[in-house]
Amino acid sequence: MAEHSAYETIKYEVADQILTITLNRPDKLNSFTPTMQHELIEAFDKADADDNVRAIIVTGEGRAFCAGADLSSGADTFDRDARRGPVRRNADGSTDYSDPQVRDGGGQVTLRIFKCLKPVIAAVNGPAVGIGVTMQLAMDIRIASDAARFGFVFSQRGIVPEAASSWFLPRIVGIAQALEWCYTGRVFPAQEALEGKLVSRVVPADQLLETARTLAKEIAAKTAPVSVALIRQMMWRMMGADDPMEAHKIDSRGIYERGRSDDVKEGVSSFLEKRPAQFKNKVTADMPPYFPWWDEREYK
């Protein structure tokens, strides 16, 4: 039985322990708005708080994934002072960049996805440009339809990449590929995205969601939720570590704490008894005491 929640710009549906978030402005090619920003953040908050959600798929309604920022306000689309009112100024008249009004909305979405405790799969069904592609970078696995197209178009709009993509993109595809796509701002097909390692698979359009669901179901059916939550944060956060000793510290804490857990007893017993495991530990209640092991960064 699917769970439906009413949002203005997205659909939120849970079935078989898989949450599907669908960007839902098909008449506008699912272009990104401040409302969509807030609703996506709220959806990820809700997913983390729901132990019935074991994996998340993000896709688009209609023929696009997301065509980027909604440009309907014209030339002032990216002018924060014009759209939100003037940001704070320092005594000397310079901009106070610590004003939350300066913060990039797409970056607030990707930072929330980055903190997520559930695996996130992008099922890219069509054009994904600007924030439509950069929001995917904080997702774990990107599967593209053969109808998908991608574009880091910022240089062609006179702006710069956003959504923390200067951190994510080079880590995913390498610095040379990241710079080529961002310098040119050109739109490229799914096959080039595959060759450049932006996506892990390209499948026919009619197989896209089933491919994503099959992967999500495998995670939901066979794995321990707390282990998956820890793995997600271990992998992402170690990409910024300065020495493998940092990974060793966290691995050691994880092996110690999880090694004493009911989940591990069940995991070993089920393997020896050749039966499916029934993991009982919950992400909302049973994360180990060393988690989180990092200090949250503030915007300032």
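This text gives an overview of the structure that appears in the document. Model, not experiment: these values are computed from the prediction.

1. A closer look at the overall build of the chain
In step 1: Along the chain, the regular secondary structure elements total twelve helices and ten strands.
In step 2: Relative to its length of 300 residues, the chain is compact, with a C-alpha radius of gyration of 20 Å against a globular reference of 19 Å.
In step 3: Structurally, the chain occupies a C-alpha span of about 65 × 50 × 40 Å along its principal axes.
In step 4: Every one of the 300 residues in the chain was classed for burial, and the buried ones make up 44%.
In step 5: A separation threshold of at least 6 residues defines the contact pool for the chain, and within that pool the share at least 24 residues apart is 67%.

2. Quick word on the sheet that holds strand 9 (residues 187–189)
In step 1: The strand order across the open sheet formed by three strands is 6-8-9, and the pairing between neighbours is mixed. Here the strands that pair on one side only, and so sit at the sheet edges, are strand 6 (127–129) and strand 9. Averaged over all pairs of adjacent strands, the angle between strand axes in this sheet comes to 20 degrees, irrespective of strand direction.
In step 2: The sheet contact formed by strand 6 and strand 8 (residues 149–151) spans three bridges and is parallel. Bridging from a neighbouring strand, Val129 pairs with Gly151 of strand 8.

3. Let's talk about the environment of Tyr256
In step 1: Tracing the backbone shows Tyr256 in helix 11 (residues 244–259).
In step 2: C-alpha separation for the pair Tyr256 and Ala49, spaced 207 residues apart in sequence, amounts to 25 Å.

4. A look at the environment of Leu208
In step 1: With respect to the secondary-structure elements, Leu208 resides in helix 9 (residues 208–222).
In step 2: For the pair formed by Leu208 and Glu266, sequence separation is 58 residues and the distance between their alpha carbons is 34 Å.
In step 3: When near neighbours in sequence (up to four residues on either side) are disregarded, Leu208 contacts Ala123, Val124, Asn125, Ile143, Ala144, Ser145 and Val203.

5. Notes on unusual backbone geometry
What you tend to see is this: most non-glycine residues have negative phi, and most peptide bonds are trans.
In step 1: The peptide bond linking Phe291 to Pro292 adopts the cis configuration, its omega dihedral lying at -5 degrees.
In step 2: Topologically, Pro292 is positioned in the segment after helix 12 (262–272).
In step 3: A positive phi angle is found at Asp16, which is not glycine, with a value near 55 degrees.
In step 4: Inspection of the secondary structure assignment puts Asp16 in the loop between strand 2 (10–15) and strand 3 (18–23).

6. Details of the pattern of salt bridges
In step 1: If you walk through the whole model with that rule in mind, you get 13 salt bridges.
In step 2: The residue Arg112 makes a salt bridge to Asp45 at a minimum N-O spacing of 2.5 Å. With a gap of 67 residues between them, Arg112 in helix 3 (residues 105–114) and Asp45 in helix 1 (residues 34–48) connect regions that are remote in the sequence.
In step 3: Relative accessible area serves as the criterion here: at 13%, Arg112 is assigned to the buried category.
In step 4: Its relative accessible area of 40% is what places Asp45 among the partly exposed residues.

7. Let's talk about the packing of aromatic side chains
In step 1: Enumeration over the complete set of coordinates arrives at 15 aromatic pairs.
In step 2: Aromatic pair Phe150 and Phe188: ring centres 6.0 Å apart, planes at 25 degrees, arrangement stacked. One end of the pair, Phe150, is in strand 8; the other, Phe188, is in strand 9, with 38 residues separating them in the sequence.
In step 3: With a centroid separation of 4.8 Å and 90 degrees between ring planes, the pair formed by Trp293 and Trp294 is classed as edge-to-face.

8. Let's talk about the pairing of strand 2
In step 1: Only one face of strand 2 is buried: it carries Ile10, Tyr12 and Val14, and the other face, with Lys11, Glu13 and Ala15, is open.
In step 2: Across six bridges, the pairing between strand 2 and strand 3 is antiparallel. Within the sheet, the bridge partner assigned to Tyr12 lies in strand 3 and is Ile21.

9. Quick word on helix 6 (residues 165–173)
In step 1: Taken as a whole, helix 6 has its buried residues at Ser165, Phe168, Leu169, Ile172 and Val173. Around the axis of helix 6, the buried residues are gathered within 95 degrees of arc, so they sit on the same side.
In step 2: Elements that come into contact with the buried residues of helix 6 comprise helix 3, helix 4 (131–134), strand 7 (141–145), helix 7 (175–184) and helix 10 (225–238).
In step 3: Looking at the residues trailing helix 6, positive phi occurs at Gly174, about 90 degrees.

10. Digging into the side chain of Thr20
In step 1: Along the chain, the position of Thr20 falls in strand 3.
In step 2: If we ignore the near neighbours within four places in the chain, the residues touching Thr20 are Lys11, Tyr12, Glu13, Ile57 and Thr59.

Rules used in this analysis
- Residues numbered from 1 in each chain as written.
- Predicted model: local features only at pLDDT ≥ 70, side-chain atom pairs only at ≥ 80, totals over all residues.
- Heavy atoms only, no water.
- Helix = DSSP H or I, 4+ residues; strand = E, 2+ residues; numbered from the N terminus.
- Rg over C-alpha atoms; globule rule 2.2 N^0.38 Å.
- Buried < 20%, exposed > 50% of the residue type's maximum accessible area, 1.4 Å probe, protein only.
- Contact = heavy atoms within 4.5 Å.
- Pairing = 2+ DSSP bridges.
- Axes fitted to C-alpha atoms, helices over the stretch in contact; angles between N-to-C directions.
- Salt bridge = Lys/Arg side-chain N within 4 Å of Asp/Glu carboxyl O.
- Phe/Tyr/Trp six-rings, centres within 6.5 Å; stacked < 30°, edge-to-face > 60°.
- Arc of directions from axis to C-beta.

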